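Each chain, letter by letter, is given below.
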Amino acid sequence: MSASISAHSYYQASTNRVFEGQSLRSDVKADVCIVGAGYTGLSAALELAKAGLKVAVLEAQTVGFGASGRNGGQICTGFSPGQGPLEAQLGKADAKRAFDMAEESKTLIESRIADHKINCDLTWGYLHCVLKPHLVHHLEEWAADYEALGYGGNTLLNKAELEAKVGTKIYHGALREARAGHLHPLNYCLGLADAAQKAGAVIYENAEVTQVETGATPSAQTAHGKVTAKFMILAGNAYLGRMVKPLYGRIMPVGSYILATEPLGESRAQSLIRDNEAVANTNFIIDYFRRSADNRMLFGGRASYSTLEPSNLAEYMRPRMTAVYPQLKDVKIDYAWGGYIAITSNRVPDCGRLSPTTYYAHGYSGQGVALAGLYGKLMAEAIRGQAERFDLFAKVKHLPFPGGALRTPLLVAAMMYYRIRDALA
Ligand SMILES: Cc1cc2nc3c(=O)[nH]c(=O)nc-3n(C[C@H](O)[C@H](O)[C@H](O)COP(=O)(O)OP(=O)(O)OC[C@H]3O[C@@H](n4cnc5c(N)ncnc54)[C@H](O)[C@@H]3O)c2cc1C
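The structure presented is a predicted model; accordingly, all values stated were derived computationally and were not measured. (Residues numbered from 1 in each chain as written. Predicted model: local features only at pLDDT ≥ 70, side-chain atom pairs only at ≥ 80, totals over all residues. Heavy atoms only, no water.)

A. Representation of the packing of aromatic side chains. A complete count under the given rule lists 17 aromatic pairs for this structure. Judged by centre distance (6.0 Å) and plane angle (75°), the ring pair of Phe 65 and Tyr 239 falls under edge-to-face. Of the two residues, Phe 65 sits in the loop between strand E2 (55-58) and strand E3 (74-75) while Tyr 239 sits in the loop between strand E10 (225-234) and helix H8 (245-248), which places them 174 residues apart along the sequence. For Phe 65, a relative accessible area of 17% gives the class buried. Assessed through its relative accessible area of 18%, Tyr 239 is described here as buried. Ring pairs connect the aromatic residues Tyr 10, Tyr 11, Tyr 335 and Trp 337, which therefore count as one cluster. A cation over a ring is seen here: Arg 179 above Trp 124, with NZ or CZ 4.4 Å from the ring centre. (Phe/Tyr/Trp six-rings, centres within 6.5 Å; stacked < 30°, edge-to-face > 60°. Helix = DSSP H or I, 4+ residues; strand = E, 2+ residues; numbered from the N terminus. Buried < 20%, exposed > 50% of the residue type's maximum accessible area, 1.4 Å probe, protein only. Lys NZ or Arg CZ within 6 Å of the ring centre and 35° of its normal.)

So this is what it looks like as structure tokens:
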């Protein structure tokens, strides 16, 4: 995967600490070799190193270079498509177990932040807002579905209540979740790396893997050395590209972009999102936004199935923000960046084994801030001999995306379809 989408972000400009990785200069032996230092790889590394295994993480660039260091920071509930595809494939009881594990992924974030003193602005509270009056009943159904899953603490807000909270008139109501929220994604990722390193994992940066062997003794080759291990975890997500052919067609990279305004000052920022919740609309191609700790507006949108970056990202994103907040039309945009979200065909994450020694997990379909940490942990459990929870998710089947020349045009067409569907909804 080309790394062409801009990496310089507000997050990079506001890291509270620079994480120093190692350089790989010779061949290394480990119990587990992990490719990719985002949430998935680092979560697995932390668990495995804590259990006393020798772990080597290989990161092509720097820790958090991929989606984990660029995302909207929104901690979401459950799975991107809801429970439907899971219930259809696993049955209601196992789909409920899957939902409970997704809930566990939030507790995992919380406990890791507390245990490892990760300074990443964790804030709870999430508003899902509807753009049309007739969509309000979807929110009621959504709340009832959550209630049936035993997931409480959600409130329905009418238009007036929502307006008082979000300083815009474009929405007609919202579902407020108490147990979803937001954080500084790169600082959280660096904190995980720090914790994994302190637990004994060795994290090599600027160590791009160019070839993997997935047999009885798996190995990963880089330009400056090879890591040979008993187990391997492939955690490159959308950024793995074509390097591991059997994984390539299982996910599709979707470009998503975020802008950060100049600091707005506390009272102006409060006039936009009074209670500092994460906010999103309910469109398929969603807008997601929140305040930063220094009172900027961070406004993101899922924008493109094409891997071509829009030429002026800040101005490309500005109209999305001003459609919600016309009062921000003149603010300065300090940063704009993008990254690749990996989606699967049914929007449920994809995980499994390429061989008895080689595990993978990817395709969180826009919900990886919480889920990637969980899947990393489940792979660590499986490698340590407790595969039952991992295998529940590994049972979920996904249709591959088309390859070859049809791959991108078909998805661009799909994108048009969803744009029209959102407009007509
Ligand atoms: C703009 C954007 C906004 C998003 N917003 C949200 C959100 O608000 N909430 C949410 O829940 N999710 C969101 N996501 C998705 C979320 O960020 C991801 O699901 C999650 O970070 C995936 O973590 P990961 O560790 O699997 O992959 P990544 O974080 O992408 O990490 C993969 C790593 O592997 C490395 N790598 C790849 N190939 C190789 C190789 N050959 N050799 C060595 N290293 C390699 C890459 O450099 C990269 O650092 C967003 C994503 C983007 C891009």
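B. Representation of the pattern of salt bridges. A complete count under the given rule lists 27 salt bridges for this structure. Measuring nitrogen to oxygen at the nearest pair gives 2.6 Å for the salt bridge that ties Arg 250 to Asp 350. Within this pair, whereas Arg 250 is found in the loop between H8 and strand E11 (252-261), its partner Asp 350 is found in strand E16 (residues 350-355), the two being separated by 100 residues in sequence. Note on Arg 250: relative accessible area 27%, which makes it partly exposed. For Asp 350, a relative accessible area of 0% gives the class buried. For Asp 294, the salt bridge goes to Arg 296, with nearest N and O atoms at 3.0 Å. Classification of Asp 294 as partly exposed rests on a relative accessible area of 30%. Classification of Arg 296 by relative accessible area gives buried; the value is 9%. Via salt bridges that share partners, Lys 165, Arg 176, Arg 274, Asp 275 and Glu 277 belong to a single interconnected network. (Salt bridge = Lys/Arg side-chain N within 4 Å of Asp/Glu carboxyl O.)

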